[in-house]
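Examining the three-dimensional arrangement
Here's the letter readout for the chains.
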Amino acid sequence: MDKKIVKLLYDIQLSILRIESYLGNELKFENYKNNQLLQDAVEHNLAIIGEAMSKILKIDEKIKITDAR
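The following refers to the structure shown. (Residues numbered from 1 in each chain as written. Predicted model: local features only at pLDDT ≥ 70, side-chain atom pairs only at ≥ 80, totals over all residues. Heavy atoms only, no water.)

**Side note on the packing of helix α1 (residues 3–23) against helix α3 (residues 36–59)**
Between two packed helices, both the angle of their axes relative to each other and the distance between the axes serve to describe the pair. The following threshold applies: In this analysis, axes come from line fits to C-alpha atoms, helices being fitted only over the stretch in contact, and the angle between any two N-to-C directions falls in the range 0 to 180 degrees. Put simply, DSSP H or I for four residues or longer makes a helix, DSSP E for two residues or longer makes a strand, and each gets a number counted from the N terminus. Oblique is the label for any angle not covered by the other classes, which are roughly parallel (under 35 degrees), roughly antiparallel (over 145) and roughly perpendicular (65 to 115). Note on convention: the crossing is left-handed when the near helix lies turned anticlockwise from the far helix by less than a right angle, right-handed when the turn is clockwise. The contact definition used throughout considers only heavy atoms, calling two residues in contact when any of these lie within 4.5 Å.
Relative to each other, α1 and α3 sit at 160°, their axes nearing to 9 Å. Of the possible angle classes, the one that applies to α1 and α3 is roughly antiparallel. Viewed along their axes, α1 and α3 form a crossing whose handedness is left-handed. Residues Lys-4, Ile-5, Leu-8, Leu-9, Asp-11, Ile-12, Ser-15, Ile-16, Arg-18, Ile-19, Tyr-22 and Leu-23 of α1 pack against Leu-38, Ala-41, Val-42, Asn-45, Leu-46, Ile-48, Ile-49, Ala-52, Met-53, Lys-55, Ile-56 and Ile-59 of α3.

Put into structure tokens, the structure is as follows:
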């Protein structure tokens, strides 16, 4: 596998782990809705995931990612 793709997959995994750590065990929408800092942190990591997915598809269009767009 291309080293760039491996790096991008690592970035995706790291962003997912960060989002999980920000939200904790109690995933309540009220906590998210009322905390602008939490919203910014989660949305930033979602942007990282989206950008990484886009780059992966540009590097190798044969990779099948369900609902990537």
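This is not the end of the story, as more comes after the structure.
**Comments concerning the nonpolar core**
Put simply, the test is: Nine residue types can take part in a nonpolar core, namely buried Ala, Val, Leu, Ile, Met, Phe, Trp, Tyr and Cys, and a core is a set of them joined through side-chain atoms within 4.5 Å. To sort residues, take the accessible area from a 1.4 Å probe on protein chains only and compare it with the maximum for the residue type: under 20% means buried, over 50% means exposed, and anything in between is partly exposed.
Counting eleven residues, the largest nonpolar core consists of Ile-5, Leu-8, Ile-12, Ile-19, Tyr-32, Leu-38, Val-42, Ile-49, Ala-52, Met-53 and Ile-56. Mapped onto this core, the elements with two or more residues apiece are α1 and α3. Among the elements that take part in this core, α3 stands out by supplying six residues, more than any other. Apart from the residues within four sequence positions on either side, Ala-52 is in contact with Leu-8 and Ile-12.

**Quick look at the packing of aromatic side chains**
Operational definition: The rule is short: rings of Phe, Tyr and Trp, with Trp giving its six-membered ring, pair when the centres are within 6.5 Å, and they are stacked under 30 degrees, edge-to-face over 60, tilted in between.
Summed over all chains, the structure comprises one aromatic pair. Seen in terms of ring centroids, Phe-29 and Tyr-32 are 6.2 Å apart; in terms of plane orientation they differ by 40°. Their pairing is tilted. Taken together, the positions of Phe-29 and Tyr-32, both in helix α2 (residues 29–33) and three residues apart, correspond to about one turn of that helix. With relative accessibility at 56%, the residue Phe-29 sits in the exposed group.

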